[in-house]
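# Structural characterization, general
Spelled out from the first residue to the last, the chains are:
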Amino acid sequence: MAKNDIDSRRWIDRETHRHWLAAEGLDLLEFYRASCLPGGGFGPLDGNRELASQTADTLITARMTHCYALATIQGVPGAATLAHHGVVALAGLLRDDQHDGWFATAPHDGFDEAKQCYIHVFVALGAASAVRAQIEGARALLDDVLAVLERYFWSEAEQAYVESWSRDWSELADYRGANANMHATEMCLELADVLDDRVWHKRALAITHRLIHRVAADHDWRVVEHFDANWRILPDYNADQPDDGFKPFGVTPGHGCEWARLLLHLEAGLGLEAPDWLADDARQLFDKAMNESWEADGQPGMVYTVDWRGTPSSTRRRHWTHAEAAAAAAALADRTSEARFEIWYRRLWDFMRDVYIDDERGSWLQELNAELGPDPHEGHLKPDLYHAYQATLLPRLPLTPTLALAVERL
């Protein structure tokens with residue numbers, strides 16, 4: 001089938017679909033205005049759009065700052081106020097003035113004082129988007145967090161980011177994680193564009209070469225998540241926690257999809273300097289993830305995790321895995337013009353529309369069980385718009401530049 005024939009059939013080339021995505025994105029932005037805390041930062045919402053906690057959460061605040069900065073660039077009224085609210089909290093309330101770096105939450109009795117790479121890369125992502133949106137204080141915040149990332153988290157010897165430190169930076173954890181490095185890759189791609197500095201592309205390539213072209217390729221295109229300090233694989237890590245939200249046992253197919261998309265953004269950003277394997281690896285990651293997760297337990301949708309044989313470990317249905325799969329399918333359809341990726345894109349959006357979008361109370365359901373009912377532990381929370389909102393943006397944009405620049409064209 002010719003490229004033009006495939007393009008003419010793609011949903012993303014149809015005005016109605018693009019308008020639908022834009023409207024859904026605006027609905028998400030409006031819903032999450034309620035997550036703004038009067039005392040600073042943002043907190044998680046429950047199913048009824050009420051704050052589930054009065055304690056500012058750094059990850060949520062950074063992601064909200066990123067999303068509302070993107071909305072500011074697009075011209076959404078009121079978004080700049082919320083993006084600035086996030087920048088102020090990240091520069092003050094959530095920052096450790098004594099030892100430097102960022103806490104996971106605003107300090108309170110018994111809170112976790114560890115310094116996590118995952119948190120810091122999202123602070124940098126939010127700051128970079130806010131810089132592009134010309135939010136007051138954003139450039140100082142970005143300079144601050146990048147200095148911390150360079151001093152404590154980037155390992156030149158390992159060509160990757162380390163995971164976490166004690167509060168005073170005296171003790172480095174002996175764990176290395178793919179999840180933090182995946183989002184660090186996302187951060188690097190945006191920094192390459194926002195700062196106009198290709199050194200960040202080179203860093204993203206080094207990370208993906210290690211974790212995808214070497215390790216995932218050697219494990220039948222399953223993304224390996226957990227390593228020790230010497231990058232030895234920990235195959236049984238969290239074997240008793242297949243449902244863990246950030247470090248579950250085994251393989252997370254949603255991350256395979258997310259990595260696939262990031263590889264295509266990296267390839268496009270590198271241009272003529274891009275190695276041939278990036279696109280090939282992206283195809284392999286997506287195919288493996290979808291083949292092992294979609295209806296793997298006989299129920300609709302993607303299972304959350306599988307073991308090293310591809311057998312479902314956690315049959316939860318998390319909204320973000322489907323959002324990332326849809327964004328990856330759109331990217332692969334754009335890059336390859338293969339009709340099968342368009343088929344996946346439509347199938348995923350039909351599923352997300354039918355299952356996750358909450359017509360009665362707004363936003364998306366985020367944690368469901370295998371029968372597509374609310375998960376008893378987390379199913380009524382709606383803490384975050386990041387994955388869902390980006391899923392409404394990414395299919396409408398080119399593979400390069402990254403979101404903070406590309407949304408200016410919408």
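Anyway, here's the lowdown on the structure attached to this text. Each chain has its residues counted from 1, following the order in which its sequence is written. Local features in this predicted model are restricted to residues of pLDDT 70 or higher, and side-chain atom pairs are both shown and tallied only at a pLDDT of 80 or more, whereas totals for entire chains, interfaces and linings draw on every residue. To get the side-chain values, take all heavy atoms of the structure and skip hydrogens and water.

As a further point, take the environment of Pro107. Think of it this way: any DSSP run of H or I at least four residues long counts as a helix, any run of E at least two long counts as a strand, and we number them from the N terminus. Relative to the elements of secondary structure, Pro107 occurs in the loop between α4 (79-91) and β2 (115-116). We classify Pro107 as partly exposed; its relative accessible area is 44%. For every residue, the accessible area obtained with a 1.4 Å probe (protein chains only) is divided by the maximum for its type, and the residue is called buried under 20%, exposed over 50%, and partly exposed between those limits.

Pairs were defined over the aromatic rings of Phe, Tyr and Trp, the Trp ring being its six-membered one, requiring ring centres within 6.5 Å. Orientation was assigned from the angle between planes: stacked under 30 degrees, edge-to-face over 60, tilted for the rest. If you walk through the whole model with that rule in mind, you get 21 aromatic pairs. A ring pair is formed by Phe42 and Tyr68, whose centres lie 6.4 Å apart and whose planes are at 15°; its orientation type is stacked. Of this pair, Phe42 sits in the loop between α2 (15-31) and β1 (45-46) while Tyr68 is found in helix α3 (residues 58-74), placing the two residues 26 residues apart along the sequence. Considering the side-chain rings of Phe122 and Tyr386, the 5.3 Å spacing of their centres and the 85° angle between planes classify their relative orientation as edge-to-face. Taken together, the residues Phe122 in helix α5 (residues 117-132) and Tyr386 in helix α13 (residues 386-393) connect sequence positions 264 residues apart. For the pair Phe122 and Tyr386, a shared accessibility class is recorded, and that class is buried. Taken together, Phe286, Trp294, Phe341, Trp344, Phe351 and Tyr356 form an aromatic cluster joined through their ring pairs.

The first and last C-alpha atoms of helix α11 (residues 319-336) sit 26 Å apart over 18 residues, in line with the 26 Å expected at 1.5 Å per residue. Burial analysis of α11 places 16 of its 18 residues in the buried class, the great majority of the element. A positive backbone phi angle near 60° is found at Ser337, which sits one or two residues after α11. Take the number of residues in a helix, subtract one, and multiply by 1.5 Å to get its expected span.

Site definitions follow a grid-based scheme: protein atoms alone, a 1 Å grid, a 1.4 Å probe that fits but cannot get out for cavities, and for pockets an open set with protein on both sides within 12 Å along at least five of seven lines, plus lining residues having an atom within 4 Å of a point. Grid points are joined across faces, edges and corners, and a volume is the space filled by probe spheres set on the points. Across all of its chains, the model carries one cavity of 30 Å³ or more by this definition. One number sums up the size of the largest cavity: a volume of about 70 Å³. For the lining of the largest cavity, the secondary structure elements donating two or more residues are α9 (253-270) and α10 (277-293). By residue number, the principal contributor to the lining of the largest cavity is α10, which donates four residues. Grouping the amino acids of the lining of the largest cavity by side-chain chemistry returns seven nonpolar, two polar and three charged. Residues are sorted three ways: Asp, Glu, Lys and Arg are charged, Ala, Val, Leu, Ile, Met, Phe, Trp, Tyr, Cys and Pro are nonpolar, and all the rest, Gly among them, are polar.

A separate point is the pattern of salt bridges. Definition used for salt bridges: Asp or Glu carboxyl oxygen within 4 Å of a side-chain nitrogen of Lys or Arg. For the structure on display, the rule yields 32 salt bridges. Note that Arg10 is salt-bridged to Asp334, the shortest N-O span being 4.0 Å. One end of the pair, Arg10, is in the loop between α1 (3-9) and α2; the other, Asp334, is in helix α11, with 324 residues separating them in the sequence. The exposure class of Arg10 is buried, given its relative accessible area of 6%. A salt bridge links Glu292 to Lys288; the nearest nitrogen and oxygen atoms lie 3.4 Å apart. Here Glu292 pairs with Lys288, and both are found in helix α10, just four residues apart, close to one helical turn. Each of Asp280, Arg283, Asp287, Glu338 and Arg340 takes part in one network of salt bridges that share partners.

Relative to the helices and strands, His226 resides in strand β7 (residues 226-228). Contacts described as polar in this section are N or O atom pairs within 3.5 Å, which, within protein, must combine one atom able to donate a hydrogen with one able to accept it, while residues neighboring in sequence count only if both atoms come from side chains. For His226, the side chain forms a polar contact with the side chain of Tyr175, separated by 2.6 Å.

It is worth spelling out the packing of α3 against α13 at this point. A pair of packed helices is characterised by two quantities: the angle between their axes and the separation of those axes. Every axis in this analysis is a line fitted to C-alpha atoms, fitted for helices over the stretch in contact. Angles between the N-to-C directions lie between 0 and 180 degrees. At their nearest, the axes of α3 and α13 sit 10 Å apart, and the two run at 30° to each other. Here α13 runs roughly parallel to α3, going by the angle between their axes. For α3 against α13, the interelement crossing comes out left-handed. Here Arg63, His66, Cys67, Leu70, Ala71 and Gln74 of α3 lie close against α13, whose contacting residues are Tyr386, His387, Tyr389, Gln390 and Leu393. Here is the rule for angles: anything less than 35 degrees is roughly parallel, anything more than 145 is roughly antiparallel, 65 through 115 is roughly perpendicular, and the remaining ranges are oblique. Take the far helix as your reference; a near helix turned counterclockwise from it by less than a right angle gives a left-handed crossing, and one turned clockwise gives a right-handed crossing. Contact criterion: two residues are considered in contact whenever any of their non-hydrogen atoms come within 4.5 Å of each other.

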